[in-house]
Amino acid sequence: MDNGWFADEVPVSEASGLRPRAWICVGSGFSREDIKSVFLGAGRGFTAEAVTSLPDLAIRLTGLAADRVLTGSARQEVLRMLLANRRVASRFEELKRLRRQVSFFRRLDLAIQAGRMSFAHASEEEVYLERLHERVGPEAIRPVQREIRMLADAYEAWVRGSGLWDPPLLIREASELLDRGWPEAISRPEAIHVFSAQTEESLEKAFWEALSRHVPVIRHSPDATRGGVPDGAKLTIERWHTLDDAAERFCDELQKASPESWKHHAVLIPDYPGVRRSLTQALMRRGLPLAEPRDPGRLRWDEAIKSAVIPLSVVGRDFERREVLKWLASRGSPERTVWIPEINARAIRQGLKAYVGGGLAPLHVELSALQTRFSGRKTLAELSRLHLEHLNEAGSPSSVTSFFESFWNEFCSDLELLGMAERRAPLLYWLERLKARLAESTPPVERSKPEHGVRIFRLQQAPLEARATGPLRLWILGLPPDWLGGDSTGDFWWSARERELLASEFSVRSSVQSVSDRTGTLKAWFTVASEVTILDGEFEFDGRERESLVALLRVLGVQEPPVLTMGCHARRLSSYGATRPVPPQEIRLAPLQPKTGDARVELTATTLDRFSRCAFQGLALQRWRLWDVDDPDVELWPNVRGNILHHAVKLLLRSRDEEGRFGLLPGEALDRAWREKSPKGLFRGRRVENYVKVQLREVLEKFCAKESEFFERARTRTLSLEDLKVRLDCEGPVPFSIIGEPDRIEEHRDGLLISDYKTSSAVPNGTEMLDLGYRLQLPFYALAVKRTLKKPVIGIQFIELNRKAGRNNGIFFSRFNGKEAGKISTLRSNSKSLFTAEPDEVWSRLEEEITKQALRYLEGRFEVRPKKREKECRACPVADLCGAKRLVQQNDGEPEGA
Ligand code: SF4
């Protein structure tokens, strides 16, 4: 390595042309594409055999067919198949326990592959085990190790018996062949150059030794004992608040530079999806393209790929509500605003039948079409054809369709190799496999590459440059503090400790080799850089504090590097402030006008009530008609609970005789109300229903007790139970009417008492209504009923339908208050709902307030100004929209910036 770049070591002239004199074998830490670009950069052509990999080289030497070599996914299918056999599985108790782990088959496959690469032949493994026995004692072989070896034997026997191969078998075969001599049919190169940043293990070493007896093998790899930051090069550590901030800093620098100069920058990142995500998001925000746009994590975030699988999940998971909602969202169906609330109201869990009829009838038709297409036991080939047909009909992007074409082809070929092509299975079976394979698949190739782009490299990647580009500014983002020793080399086959014990004598990879390989690679990067900036963070993505990198850098030979504490990036500073930006707190809309043909604008009592709580609530909930889409639950939604209780109370009062005795028991009234007002949004089930009904019955029993007491004392007669529609006509710039329907009107010898049922306990007292103009629905009923029935109103009250069963809030008058017979309330003299003034005086003050607020609503003047912040904002459904949730409370309870 002359100037540090491995490109200088690529034997371009020997390996190019139709008859290459040298072959290049690309191993870990180097990429074939990068090596090829060295040739292209030098303007030289090359053949496929000139640039190869270890498995491909073994295939060429042995003359085996490449399609008989199992891929990682196919190997996992073999292991699955073996463990699915009950007789086999019964012998693997430890593996049965481990099978619950995420990515179990992937880890199992990796362990079996890595384990078999650690010894060149069975007798060598015997020696390893003996040595472990000597050092560790009789417990040297753990039960899981014993099972893994048994399974590996069964796996290897099956693979050999089927005429198939995997990398360790292939390398062993090639080594044995080379021991017998150079294969006649293959022309011998003058040298083989191996580019790898990883120390080889016993099996690979044996292969290279066998090969080197016929051809010189020249190894090119980073050297941990050489290299480092050159004299005069500047190295800085910038410690930012988080890695997101650090990524922003890097992108700032690139944004300042011209695209032509991006080739003088390179950023190294670890294989952690979080770091790559932070970096790519920061780049995207600035419109900075990547030199290599293929993102290894793309299959995990690409919505188009995920959406393509959702129809299969919908059918495979028996139309689970969650899957159907995802499907609707992925299609962007406009009808979903109607369908989703109904799906939730029906509390659908799963099953196609649950979507029959009502507003969901069109959805049911579409789901049935999916069912017809994908349900039933199918072979993988049938399923893949149907899925591709579906993608074409749904107009999926061609990149997605072609990705799935090759994905299904590979999957089907693997099953063919395994002799499982004719296997029929339900969709869920295939779906699980599909998802597991997708998680490990290579993302689709990006069709276009930018002329200039930001170059991202992995930390394990060695520096290989097509052509030296002048001084390199090296950035290292998110270097893990435990990078040189953190990743365990242990697996199901050899534990990390066992590898360490064996590594001192044998060619077994342990953390010592891992540290040495990584050190060598990092030092190689330092060697080619003229300036190194390590971008670190104080905190991890999950909030944990990150350890210092100083110790790691000392291992790399960097002494006392300056650490600059940078804090947080300017882009995010404002989000750490005490106050956040709040949305507009005052909104003006066009005044409301009467509908065509109407002389007056109509306003409901509910709208007036919302507006009188907070003008913004009135705007969002009544004028804009926004509402929350609630998920089904095992508790009743508050509005549904209110409807059922209202209805049960009405049934109870209607059943009352002249002596005030109820003709229905609370439970009977509840059962009828339950039938007549469906419990929307409640997951069905006997236990859930019983649990909810016990709570409601308790409320109704309390109501009946209070009602009997009231009847005995006040001796009123029920005049209306939601059967009287009332209106209040008002004049203004535009004439308007407020309309509504009081829950209940009682007739007393001195006048009328109007009641409103509330299921929450946050009801206002009379002083709040009168002084603040707060909660004006009930006062409006007082005025409207007074005018409609032409009788005096002697009180308004809230009847709480909850365990408290309170009735002391409203507007009551001293004249009609007391414990004696004929009095409508029993309030204490200091109650805020008790007034000594005459009723007409109170009602006329309230009429003024009602008219004033109704006019403000009609004029389109809305302010974020709740009348009673502590009562309203806590449970307000639009607290996010108005910004209340983002305000910081001051000591007096009033938010800053309000
Ligand atoms: S959260 Fe408070 S301020 Fe905001 S709309 Fe609701 S009641 Fe009004």
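On a predicted model such as this, the values are computed, not experimentally measured, just so you know.

Cut-offs and rules
- Residues numbered from 1 in each chain as written.
- Predicted model: local features only at pLDDT ≥ 70, side-chain atom pairs only at ≥ 80, totals over all residues.
- Heavy atoms only, no water.
- Helix = DSSP H or I, 4+ residues; strand = E, 2+ residues; numbered from the N terminus.
- Lys, Arg positive; Asp, Glu negative; His and termini not counted.
- Charge placed at Lys NZ, Arg CZ, Asp CG, Glu CD.
- Pairing = 2+ DSSP bridges.
- Contact = heavy atoms within 4.5 Å.
- Axes fitted to C-alpha atoms, helices over the stretch in contact; angles between N-to-C directions.
- Near = heavy atom within 4 Å.
- Nonpolar A, V, L, I, M, F, W, Y, C, P; charged D, E, K, R; others polar.
- Disulfide = S-S within 2.5 Å.
- Buried < 20%, exposed > 50% of the residue type's maximum accessible area, 1.4 Å probe, protein only.
- Polar contact = N/O pair within 3.5 Å; in protein donor to acceptor, adjacent residues only side chain to side chain.
- Salt bridge = Lys/Arg side-chain N within 4 Å of Asp/Glu carboxyl O.
- Expected span 1.5 Å × (residues − 1).
- pLDDT = per-residue confidence, 0-100.
- Parallel < 35°, antiparallel > 145°, perpendicular 65-115°, else oblique.
- Phe/Tyr/Trp six-rings, centres within 6.5 Å; stacked < 30°, edge-to-face > 60°.
- Lys NZ or Arg CZ within 6 Å of the ring centre and 35° of its normal.

**Student:** For this particular structure, what's the right way to read the overall build of the chain?
**Tutor:** On a plain count of helices and strands, the chain comes out with 35 helices and 21 strands. By principal-axis analysis of the C-alpha atoms, the chain measures approximately 120 × 65 × 60 Å. Both charge centroids of the chain, one from 136 positive and one from 129 negative side chains, sit 4 Å from each other.

**Student:** What should I look at first to understand the sheet that holds strand β13 (residues 717-720) in this one?
**Tutor:** The strands making up a sheet associate through hydrogen bonds between their backbones, and the pairing can be parallel or antiparallel. The strand order β13-β16-β17-β18-β19-β20 describes an open sheet built from six strands, whose pairing is mixed. This sheet does not close on itself; its edge strands, each paired only once, are β13 and β20 (834-835). Of the pairings in the sheet, the one linking β13 to strand β16 (residues 744-748) comprises three bridges and is antiparallel in character. Considered in β16, the bridge of Thr718 is made with Glu746. In this fold helix α33 (residues 839-859) packs onto β18 (793-800) and β19 (809-813), with an angle of close to 140° to the strand it touches most, β19.

**Student:** Help me understand the site of the ligand, please; the structure alone is not making it clear to me.
**Tutor:** The full set of residues close to the ligand is Cys614, Phe616, Gln617, Val864, Pro866, Glu872, Cys873, Cys876, Val878, Ala879, Cys882 and Ala884. The set of elements that each furnish at least two residues to the shell around the ligand consists of α27 (615-623) and α35 (879-882). Looking at side-chain class alone, the shell around the ligand contains ten nonpolar, one polar and one charged residues.

**Student:** Quick question: what am I supposed to make of the sheet that holds strand β10 (residues 563-567) here?
**Tutor:** Taken together, the six strands give an open sheet; going across it, the order is β7-β6-β8-β9-β5-β10, and neighbouring strands pair in parallel fashion. Two strands lie at the open edges of the sheet, namely β7 (456-458) and β10, each paired on one side alone. Taken over all neighbouring pairs, the strand axes of this sheet differ in orientation by 25° on average, direction set aside. As paired strands, strand β6 (residues 265-269) and β7 are joined by three bridges and run parallel to one another.

**Student:** So what exactly am I meant to see when it comes to the state of the cysteines here?
**Tutor:** Two cysteines whose sulfur atoms are joined by a covalent bond form what is called a disulfide. By the definition in use, this model includes zero disulfides. With no disulfide partner, Cys568 has as its closest neighbouring cysteine sulfur the one in Cys251, 15 Å distant. Since its relative accessible area comes to 16%, Cys568 is described here as buried.

**Student:** Just to check I follow, could you spell out the environment of Pro11 for this structure?
**Tutor:** Mapped onto the secondary structure, Pro11 falls in the segment before α1 (12-15). As for Pro11 and Phe39, which are separated by 28 residues in sequence, their C-alpha atoms are 9.2 Å apart. Residues in contact with Pro11, not counting those within four places in the same chain, are Ile24, His193 and Phe195.

**Student:** Just to check I follow, could you spell out the side chain of Arg116 for this structure?
**Tutor:** Within the secondary structure layout, Arg116 lies in helix α7 (residues 104-117). Within the structure, the side chain of Arg116 is placed 3.0 Å from the side chain of Glu156, a separation counted as a polar contact. Here Asp166 takes part through its side chain, which lies 2.7 Å from a polar atom of the side chain of Arg116. Non-local contacts of Arg116, meaning those with residues more than four positions away in its chain, are made with Ala152, Tyr155, Glu156, Asp166, Pro168, Leu169, Arg172, Leu203 and Trp493.

**Student:** Which parts of the structure should I look at to understand the pattern of salt bridges?
**Tutor:** Two side chains carrying opposite charge are able to pair once their charged atoms lie near each other. Within the structure shown, the criterion is met by 87 salt bridges. When the shortest N-O distance is used, the salt bridge between Arg321 and Asp631 registers 3.3 Å. Within this pair, whereas Arg321 is found in helix α16 (residues 321-331), its partner Asp631 is found in the loop between α27 and α28 (638-654), the two being separated by 310 residues in sequence. Take Asp631: its relative accessible area is 47%, and that puts it in the partly exposed class. The shortest N-O distance in the salt bridge between Arg613 and Glu872 comes to 3.7 Å. One end of the pair, Arg613, is in helix α26 (residues 605-613); the other, Glu872, is in helix α34 (residues 869-872), and 259 residues separate them in sequence. Its relative accessible area of 7% is what places Glu872 among the buried residues.

**Student:** Is there a simple way to think about helix α4 (residues 72-84) in this case?
**Tutor:** Owing to its 3.6 residues per turn, the α-helix brings residues three or four apart onto one side. Between the first and last C-alpha of α4 there are 18 Å, a value that for 13 residues agrees with the 18 Å anticipated at 1.5 Å per step. Across the 13 residues that make up α4, a large majority, ten, are buried. Among all positions of α4, only Ser73, Ala74, Arg75, Gln76, Glu77, Val78, Leu79, Arg80, Leu82 and Leu83 are buried. Lining the buried residues of α4 we find α5 (86-89), α7, α9 (143-161), α10 (167-180), α20 (398-417) and α21 (427-440).

**Student:** Even after reading the chapter, I still don't get the confidence of the model for the chain, so can you show me in this structure?
**Tutor:** Predicted coordinates in regions of low pLDDT should not be interpreted in detail. Averaged over the chain, the pLDDT score is 89; the fraction of residues at 70 or greater is 96%. Confidence over residues 890-898 falls short of pLDDT 50; this stretch has 14 contacts with residues more than four positions distant or in other chains.

**Student:** I would appreciate a short explanation of the packing of α16 against helix α17 (residues 336-345) in the present structure.
**Tutor:** Each pair of packed helices can be summarised by the angle the axes make with each other and by the distance between the axes. Where α16 meets α17, the closest approach of the two axes is 11 Å, and the angle between their N-to-C directions is 170°. In terms of orientation, α16 and α17 fall into the roughly antiparallel class. On the side of α16, the interface is formed by Arg321, Val324, Leu325, Leu328, Ala329 and Arg331, while α17 contributes Arg336, Trp339, Ile340, Ile343 and Asn344. In the contact of α16 with α17, the residues fall into seven nonpolar, one polar and three charged.

**Student:** Honestly, unusual backbone geometry in this entry has me stumped. Any pointers?
**Tutor:** Trans is the prevailing form of peptide bonds, just as negative phi is the prevailing case for residues other than glycine. A positive phi angle is found at Arg775, which is not glycine, with a value near 55°. With respect to the element layout, Arg775 can be found in the loop between α31 (766-772) and α32 (777-789). For Arg775, a relative accessible area of 3% translates into the label buried. In this structure, Ala805 is a non-glycine residue whose phi angle is positive, near 50°. Locating Ala805 in the fold gives a position in the loop between β18 and β19. For Ala805, a relative accessible area of 3% puts it in the buried group.

**Student:** Any chance you could explain the packing of aromatic side chains here in plain terms?
**Tutor:** How two aromatic rings sit relative to each other is given by the distance of their centres and the angle of their planes. All told, the structure shown has 27 aromatic pairs when counted by the stated rule. Between Phe407 and Trp408 the ring centres are 5.8 Å apart and the planes differ by 75°, which places this aromatic pair in the edge-to-face class. In this structure, Phe407 and Trp408 share a single accessibility class: buried. Here Phe703 and Tyr757 contribute two aromatic rings whose centre-to-centre distance is 6.3 Å and whose plane-to-plane angle is 75°, an arrangement assigned as edge-to-face. You can see Phe703 sitting in helix α30 (residues 686-714) and its partner Tyr757 sitting in strand β17 (residues 751-758), a full 54 residues away along the chain. The residues Phe703 and Tyr757 share a single accessibility class, namely buried. A network of ring pairs unites the aromatic residues Phe403, Phe404, Phe407, Trp408, Phe411, Tyr429 and Trp430 as a single cluster. The ring of Phe683 has Arg349 lying over it, and the distance from NZ or CZ to the ring centre is 4.2 Å.

**Student:** Honestly, the environment of Arg32 in this entry has me stumped. Any pointers?
**Tutor:** Along the chain, the position of Arg32 falls in helix α2 (residues 32-41). Overall, the relative accessible area of 28% leaves Arg32 in the partly exposed class. Separated by 21 residues in the primary sequence, Arg32 and Ser53 place their C-alpha atoms 8.1 Å from one another. Excluding residues that lie within four positions of it along the chain, Arg32 makes contacts with Val26, Val51, Thr52, Ser53 and Asp56. A distance of 3.3 Å separates the side chain of Arg32 from the backbone oxygen of Val51, its partner in a polar contact.

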